[in-house]
Amino acid sequence: MVVDLDKIKYQTSDPQDMFGCLKDMPQQCRKAWDLAGKFKLPDDFEAINKVVILGMGGSAIGGDLVGSLALSESVIPIIVVRDYNLPACVDEKTLVVANSYSGNTEETLSAFGQALKNDCKKLAITTGGKLARVAELTGTPVFKYEYPSQPRAALSWSLLPLLCFLQKLGVVKDKNKDVKEAVDILTKLQPEISPDVATSANPAKQLAWKVYGNIPFIYGAENLS
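A few points on the structure. (Residues numbered from 1 in each chain as written. Predicted model: local features only at pLDDT ≥ 70, side-chain atom pairs only at ≥ 80, totals over all residues. Heavy atoms only, no water.)

### Topic: the side chain of Gln-28
For clarity, the threshold we go by: Only DSSP runs of H or I covering at least 4 residues are called helices, and only runs of E covering at least 2 are called strands; the numbering of each starts at the N terminus. Burial classification: accessible surface area is computed with a 1.4 Å probe over protein chains only, and a residue below 20% of its type maximum counts as buried, one above 50% as exposed, and the rest as partly exposed. Any pair of nitrogen or oxygen atoms within 3.5 Å is treated as a polar contact; in protein, a donor-acceptor pairing is required on top of that, and neighbouring residues in sequence qualify only through side-chain atoms on both sides.
Examined against the element boundaries, Gln-28 turns out to sit in helix α3 (residues 25–38). A relative accessible area of 9% means that Gln-28 is categorised as buried. In terms of polar contacts, Gln-28 uses its side chain to reach the side chain of Asp-24, at 2.7 Å.

Here it is as structure tokens:
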């Protein structure tokens with residue numbers, strides 16, 4: 001059966017409005033970066049020699065991307081933990097970041113609970129849930145945001161605040177210009193990949209046809225992997 005991508009009723013095939021989230025990504029990237037820039041980190045966060053990011057699923061992806069971006073310029077290790085337990089290397093010079101969209105991720109809460117019993121520096125990034133409540137009760141800085149979506153669609157919020165905070169701490173170089181360029185590119189792409197744009201002029205639909213019926217093989221090197 002041949003599918004005409006120009007005649008599909010995308011609204012009925014996208015009940016969770018993933019397209020709306022993708023369309024909104026440039027604005028969310030800009031908002032996430034600006035709000036993170038205004039968020040004050042404790043002064044003692046600057047005395048760290050490693051960063052441990054706790055997360056699962058989409059929240060952990062933000063940590064992976066930050067780690068890849070920082071690989072060539074960070075002089076301290078950045079470790080992403082998808083587990084119930086903290087690494088044994090966590091100490092008073094470690095920044096532990098609990099990154100959970102819902103704030104109720106079981107593994108993240110477990111590891112964060114262990115961090116609360118440790119002398120490490122602690123930070124929470126979430127929309128709310130138990131993580132926000134525990135962070136507030138224990139005096140842990142918590143960066144809260146609002147973005148109703150599937151966690152996998154909230155990449156701008158799991159990635160850019162992390163990157164901004166590492167920039168503030170001097171772990172990575174100034175990324176303001178890079179973020180602005182990325183947002184500008186995403187904004188430019190918006191009208192080109194809209195469902196209303198015909199396949200002949202729509203790179204997203206053309207890519208969908210190339211992938212259809214095949215198994216995609218994606219490869220990359222360094223931070224692109």
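What follows picks up the thread again.
### A closer look at the packing of aromatic side chains
Filter applied, for reference: Each pair of aromatic rings taken from Phe, Tyr and Trp, with Trp reduced to its six-membered ring, is defined by centres within 6.5 Å and is described as stacked if the planes are under 30 degrees apart, edge-to-face if over 60, and tilted in the remaining cases.
In total, this model carries nine aromatic pairs according to the counting rule given. With centroids separated by 5.5 Å and ring planes inclined at 90°, the aromatic side chains of Phe-39 and Phe-143 adopt a geometry described as edge-to-face. Separated by 104 residues along the polypeptide, Phe-39 in the loop between α3 and β1 (50–54) and Phe-143 in strand β5 (residues 142–144) bring together distant segments of the chain. Residues Phe-39 and Phe-143 agree in their burial class; the two are buried.

### So, the pairing of strand β2 (residues 78–81)
Note on strand geometry: in a regular strand, side chains alternate between the two faces of the sheet. So the rule is basically this: A strand pair is defined by DSSP finding two or more bridges across the two strands. The handedness rule is simple: strands pointing away from the viewer, and a clockwise path from the first strand over the helix to the second, make the crossover right-handed.
In this structure, β1 lies alongside β2, joined through four bridges in parallel fashion. The residue bridging Val-51 from the neighbouring strand is Ile-78, located in β2. Between the parallel pair β1 and β2, the chain is carried across by helix α4 (residues 57–70), and the sense of this crossover is right-handed.

### Focus on unusual backbone geometry
Positive phi, normally seen in glycine, also occurs at Asp-17, with a value near 55°. If you trace the backbone, Asp-17 turns up in the loop between α1 (10–13) and α2 (18–23).

### Some words on the environment of Leu-186
Selection criterion: Note on definitions: a residue-residue contact is assigned when non-hydrogen atoms from the two residues lie within 4.5 Å.
As for its placement among the helices and strands, Leu-186 is situated in helix α8 (residues 176–189). For Leu-186 and Lys-38, which are 148 residues apart along the polypeptide, the C-alpha to C-alpha distance reads 23 Å. Each residue touching Leu-186, except ones within four places of it in the same chain, is listed here: Met-25, Pro-26 and Cys-29.

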